[in-house]
Amino acid sequence: MNLPRAIAMRVGRGLLLMLFAATGTILLVRFAPGFFADSREMDARYAQAARAEMEVESGRQQSVVQIARQEAKGWLAGDFGQSRQYGVPVAELIGARARVSALLLAQGILRGWLLAVCAALPISALRRGGLLWSLPFTLLLAIPASAMATACILADAGSPALVLSLLIAAREFKFLRSLLEEAWRAPHLLQGRAGGLAPLALVRMHMAPNIAPQLRALATLSIVTALGALVPIEVIFTVPGVGQLAWSAVMNRDLPVLVAVSLLMALVVALAGMLSTHDRTLEAA
Amino acid sequence: MKRHTAAVLLLLLVLASGLVLRVSRHGYAFQDRDAIMAPATTEHWTGTDELGRDRTVRAAAALLIGLTGAAAAAAITTAIAACLGLLAAFSPAWASVLLLFLSDGFLSLPWLFLLMMARSLLPLTASPLETAVTTFLVLAALGWPACARAIYRGARSLRSSEWMLQGRACGLKTGQLIRLHIVPHLRPLLLPQFLVCVPAFLVAEANLGALGLGVGEPMPSWGAMLLELDNSALLARSDWVYLPIALLALVLLILESFAEGEAHA
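As the structure is a prediction and not an experimental result, all values here were calculated from the model. Every chain's residues receive numbers from 1 upward, in the order its sequence appears when written. Throughout, the order in which chains and ligands are written sets their labels, letters from A for the former and numbers from 1 for the latter. The predicted origin of the model limits local features to residues at a pLDDT of at least 70 and limits the giving and counting of side-chain atom pairs to 80 or more, whereas totals for whole chains, interfaces and linings rest on all residues.

1. What to know about the overall build of chain B
We apply this condition: Helix and strand definitions here come from DSSP, where helices need a minimum of 4 consecutive H or I residues and strands a minimum of 2 consecutive E residues; each element is numbered from the N-terminal end. Any residue surrounded by 20 or more other C-beta atoms within 10 Å of its C-beta is treated as buried, while 12 or fewer makes it exposed and the intermediate range makes it partly exposed; C-beta atoms here are placed from the backbone. A residue pair is marked as a contact if its C-beta atoms, positioned from the backbone, fall within 7 Å.
Along chain B, the regular secondary structure elements total 11 helices and 0 strands. Sequence-ordered secondary structure for chain B, helices as α and strands as β, is α-α-α-α-α-α-α-α-α-α-α. Summarising its shape, the C-alpha atoms of chain B cover approximately 75 × 40 × 25 Å along the three principal directions. Taking all 265 residues of chain B together, the buried fraction comes to 42%. In chain B, 71% of the contacts between residues at least 6 apart in sequence involve partners at least 24 apart.

Okay, here's the thing in structure tokens:
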């Protein structure tokens, strides 16, 4: 397969993924019971004319195609539509929050990986006692993100980034340990060890280049894990990020915000997937 | 922790929970109005919550409900994954590409976000039992992609094996080949997939419950019991408030060890 075609296929796949996410969100929300319920109908302050206008507005959202067209219009206009809950352009809502979430994600993933690599490297090289040393990570794996976040608040210690990094570290440590254990057993590494190469030189020269593709794939999975954990962490710590916005949009059935957040998440995942397989594509080409 | 130790511990926990529910005079929804936020007493071994409900009974019921729901959801998701994985492995190239793309799409989207969306869009007037069933059904409906990929890979490698070629040459139809040869060979793959799903679903339910989107009250669930930790008045009165989180961590630890042991076996 030539390089331009390989890249085009990756991009096409990413676009299809985003289309899938958008269609899925619209269908889920449109066919949810109570989609047409509007809290403003209960508000006595709205005049008859305003109510009639609301009815017309709600009538426009009967068909999935019409909803999709409205969403597409909002995207083309650059404001991603109007939030049903806050009455402001979705782009305005997401813009400020995306920075907060991106920073939290970056901190959590980087610290989590650092912790996982620092622990997995020496533990995977141990001949005995590896299971005992892995116990803290196994325990961390057994605590849901929401419980970890609540425990941090109760103890008045830790931060959202700490919870996210511990969660990522626990997940990645498990994979990294088995990956490194296998790598340590490779014949060329055994020979290098027998030849007296220092452990750091072995890791740098022989191990790291061999496991780099798997590490990149794992890094993509870290992003997906972190995005999933973002919601409970931001809600419990009341961090004004995209996760909290998504939760609030879900609770209030705010379709434009939901579609925008779904697409944003799909875009991040698709980009990460493209980057993680980019080198392999280049090698194959 | 060895596989057998994990299995025995899990069994003991389930039996103990069953015993607690059996010997308890009141159900998990009973409210003792004279013992609101009570500390541990002879009547309420681990105290009561803010509505006067016995914490031991609720934790025992949450354990049984959580395990039953997660196991049922894991069984459903494994069955869906097996069907779709086999379908992708034995269908024409375009159909398998489509099915795999669908599973990739599901895989690449954040799980909890999808769950949260699907669960929250259900009727607000649903009964506690309906919310419990719906929560675990949603988990089952969204948890199949990773498992389907593994089954697809397994089935593809079996499809090109020599004994399959021989079976085909002998005139066996695709359905017969799958039933007689593929499914028995995939069993060692299906069991670990099922065991991996159970703790994952328990964690997902706990996270959903903590966001107020899990099993509905008064039915006890891990997520709903974790919400107790938000009550500072309750925390100041008794350390038993931490019982659900400790119990959940123990159950998850046991299940993870069991699944890992089974995968290595």
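2. Some thoughts on the overall build of chain A
For chain A, the count of helices and strands is 11 helices and 0 strands. Sequence-ordered secondary structure for chain A, helices as α and strands as β, is α-α-α-α-α-α-α-α-α-α-α. Relative to its 285 residues, chain A shows a buried fraction of 34%. Sequence separation of at least 24 residues holds for 73% of the intrachain contacts in chain A that already meet a minimum separation of 6.

3. Brief notes about the packing of helix H6 (residues 145-154) of chain A against helix H9 (residues 199-236) of chain A
Residues and elements named next belong to chain A. We count it as follows: Geometry is summarised by axes, namely lines fitted to C-alpha atoms with helices restricted to the contacting stretch, and by angles between N-to-C directions that run from 0 to 180 degrees. Note on angle classes: values under 35 degrees are labelled roughly parallel, values over 145 roughly antiparallel, values of 65 to 115 roughly perpendicular, and the remainder oblique. By definition, any crossing whose near helix is turned counterclockwise from its far helix by less than a right angle is left-handed, and any crossing with a clockwise turn is right-handed.
Where H6 meets H9, the closest approach of the two axes is 9 Å, and the angle between their N-to-C directions is 25°. Between H6 and H9, the angle falls in the class roughly parallel. In the crossing of H6 with H9, the sense of the turn from one axis to the other is right-handed. Between H6 and H9, the contacting residues are Ala145, Ser146, Ala149, Thr150 and Ile153 on the first element and Ala229, Pro232, Ile233 and Ile236 on the second.

4. Quick notes on helix H7 (residues 160-184) of chain A
Put simply, the rule reads: An expected span of 1.5 Å times one less than the residue number is assigned to each helix. Bend at a residue means the angle formed by two fitted axes: the first through the 7 residues ending at that position, the second through the 7 residues beginning there.
When the terminal C-alpha atoms of H7 of chain A are compared, their 35 Å separation across 25 residues agrees well with the 36 Å that a helix rising 1.5 Å per residue should span. The largest bend in H7 of chain A amounts to roughly 30° and is located at Phe173 of chain A.

5. Concerning the confidence of the model for chain A
Basically, it comes down to this: By definition, pLDDT measures how confident the predictor is in each residue, and it falls between 0 and 100.
Across chain A, the average pLDDT comes to 81, with 88% of residues at 70 or higher. Counting interchain partners and residues more than four positions distant, the pLDDT-below-50 stretch residues 278-285 of chain A has 12 contacts.

6. Some words on the packing of helix H2 (residues 55-90) of chain B against helix H8 (residues 174-210) of chain B
All names here are of chain B. Selection criterion: Nonpolar residues are Ala, Val, Leu, Ile, Met, Phe, Trp, Tyr, Cys and Pro. Charged residues are Asp, Glu, Lys and Arg, and all others, Gly as well, are polar.
Running from N to C, H2 and H8 point in directions that differ by 140°, and their axes come no closer than 7 Å. In terms of their interaxial angle, H2 and H8 are classed as oblique. In terms of crossing hand, the pair formed by H2 and H8 is right-handed. For the pair H2 and H8, contact is made by Gly66, Ala70, Ala71, Ala73, Ala74, Ala75, Thr77, Thr78, Ala81, Ala82, Leu86 and Phe90 and by Thr174, Ile178, Ile182, Leu190, Gln193, Phe194, Cys197, Val198, Phe201, Leu202 and Glu205, respectively. Residues belonging to the contact of H2 with H8 are distributed by class as follows: 17 nonpolar, 5 polar and 1 charged.

7. Side note on the environment of Glu228 of chain B
Structurally, Glu228 of chain B can be placed in the loop between helix H9 (222-226) and helix H10 (232-237). Spatially, the C-alpha atom of Glu228 of chain B lies 11 Å from that of Met37 of chain B, the residues being 191 residues apart in sequence.

8. A closer look at the environment of Leu19 of chain A
Residue and element names in this part refer to chain A. Within the element layout of this structure, Leu19 appears in helix H1 (residues 3-30). The class of Leu19 is partly exposed, set by 13 C-beta atoms lying within 10 Å. Between the C-alpha atom of Leu19 and that of Ala266, which follows or precedes it by 247 residues, the distance is 9.0 Å.

9. Digging into the environment of Thr138 of chain A
Counting through the fold element by element, Thr138 of chain A comes out in helix H5 (residues 130-141). A tally of 18 C-beta atoms within 10 Å means that Thr138 of chain A is categorised as partly exposed. Put simply, Thr138 of chain A and Ala170 of chain A are 32 residues apart on the chain and 6.9 Å apart in space, counted from C-alpha to C-alpha. Those residues within four positions of Thr138 of chain A in sequence are excluded, and the remaining contacts are Leu253 and Glu256 of chain B.

10. Description of unusual backbone geometry
Between Glu217 of chain B and the following residue, Pro218 of chain B, the backbone shows a cis peptide bond with an omega angle of 5°. Inspection of the secondary structure assignment puts Pro218 of chain B in the loop between H8 and H9. Here Asp156 of chain A, not a glycine, exhibits a phi torsion of approximately 55°, which is positive. Mapped onto the fold, Asp156 of chain A is located in the loop between H6 and H7. Notably, Thr238 of chain A is not glycine yet its phi reads approximately 45°, a positive angle. With respect to the secondary-structure elements, Thr238 of chain A resides in the loop between H9 and helix H10 (242-251). Take Thr238 of chain A: there are 10 C-beta atoms within 10 Å of it, and that puts it in the exposed class.

11. Remarks on H1 of chain A
For H1 of chain A, spanning 28 residues, the distance from its first C-alpha to its last is 41 Å, which sits close to the expected 40 Å at 1.5 Å a residue. Among the residues making up H1 of chain A, those that are buried are Leu17, Ala21, Ala22, Thr25, Ile26 and Val29 of chain A.

12. Overview of the confidence of the model for chain B
All names here are of chain B. For chain B, the mean per-residue pLDDT works out to 84, and 93% of the residues sit at or above 70. Mean pLDDT across the secondary structure elements of chain B bottoms out at helix H4 (residues 111-120), with 67, and peaks at H2, with 93. Here the predicted complex scores 0.78 on pTM and 0.70 on ipTM.

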